[in-house]
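# Chains, contacts and geometry: an overview
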Amino acid sequence: IAICLLDSAASTKPSFCHDLDCPNYTVLRSFGGYELRRYEMSQWVTTRDLMTSYDSHKNSQMFFKLFHYISGNNTAGMKIPMTAPVVDIYTPGVGENNQQTVMEMHFMIPHNMQPYPPAPTDPTVYISMLPALDVYVKSFGGFSDHMTNLVKITELKNEINNSSLYYGDHFYTAGYDGPYSVNRHNEVWLAAKH
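Along every chain, residues carry numbers that run from 1 in the direction the sequence is written. Totals for whole chains, interfaces and linings use all residues, but because this is a predicted model, local features are given only for residues with pLDDT of at least 70 and pairs of side-chain atoms are given and counted only at 80 or more. With hydrogens and water excluded, all non-hydrogen atoms of the structure serve as input to the side-chain values.

Once that is clear, we can look at the confidence of the model for the chain. By definition, pLDDT measures how confident the predictor is in each residue, and it falls between 0 and 100. Taken over all residues, the pLDDT of the chain has a mean of 92, while the share at 70 or more is 94%. Two residues form a contact once any of their heavy atoms are found within 4.5 Å. Across residues 1-10, where pLDDT falls below 50, the model places 23 contacts with residues more than four positions away in sequence or in other chains.

Think of it this way: a Phe, Tyr or Trp ring, Trp meaning its six-membered ring, pairs with another when their centres are within 6.5 Å, and the plane angle makes it stacked under 30 degrees, edge-to-face over 60, tilted otherwise. What the rule picks out here adds up to eleven aromatic pairs. Relative to Tyr176, the ring of Phe16 lies with its centre 4.8 Å away and its plane at 70°, an arrangement referred to as edge-to-face. Separated by 160 residues along the polypeptide, Phe16 in the loop between strand S1 (2-4) and strand S2 (25-30) and Tyr176 in the loop between strand S9 (171-175) and strand S10 (186-191) bring together distant segments of the chain. Buried residues are those whose accessible area, probed at 1.4 Å on protein chains only, stays under 20% of the maximum for their type, while exposed residues exceed 50% and partly exposed ones sit between those limits. Here Phe16 falls in the buried class, since its relative accessible area comes to 16%. The class for Tyr176 is buried, based on a relative accessible area of 5%. Centre to centre, the rings of Tyr172 and Trp189 are 5.6 Å apart; their planes meet at 35°, and the pair counts as tilted. Note that Tyr172 is positioned in strand S9 and Trp189 in strand S10, a separation of 17 residues in sequence. Taking the relative accessible area as the measure of exposure, Tyr172 reaches 7% and is therefore buried. Counting from the N terminus, the helices are DSSP H or I runs at least four residues long and the strands are E runs at least two residues long.

Here it is, written out as structure tokens:
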């Protein structure tokens with residue numbers, strides 16, 4: 001079992017986190033094209049929106065709401081270091097005639113601020129607790145977009161090959177790199193059932 005204790009100076013965090021804080025996780029099991037990780041409970045700053053179909057403009061708006069929070073749009077007026085990854089949670093089949101998708105975008109609160117993050121001043125941004133979570137993770141490189149993520153989620157489901165092992169009503173995407181990075185790391189996650 002590989003253990004990633006990312007807030008300890010003596011340990012090493014995954015190289016794909018670069019020099020940013022990342023959520024702590026343990027690799028429970030590695031498979032051919034994916035792995036099962038256990039993430040510790042953590043606090044994140046979050047915003048959400050409803051989409052009938054994927055909308056890159058809305059996606060950018062959500063990102064900048066969270067970016068403004070870490071840039072000082074919070075009750076402490078303080079700049080907060082960027083963390084990785086940016087996690088999006090997609091829950092399709094909601095709203096009118098089940099034709100909409102809820103998209104939540106998350107930036108992790110840095111480890112040293114986890115207990116007491118400043119509150120957002122934007123009413124559409126909030127602090128959320130992500131519980132301890134086991135997820136199946138498929139990693140891939142290159143520039144990712146919404147269609148690529150959907151393909152990778154389908155690949156992950158096919159590789160697991162047992163829909164009773166995960167929750168199929170939502171999925172996660174995790175992006176670790178800024179828009180100009182070349183050697184990129186992306187992930188899609190499915191929450192594991194116990």
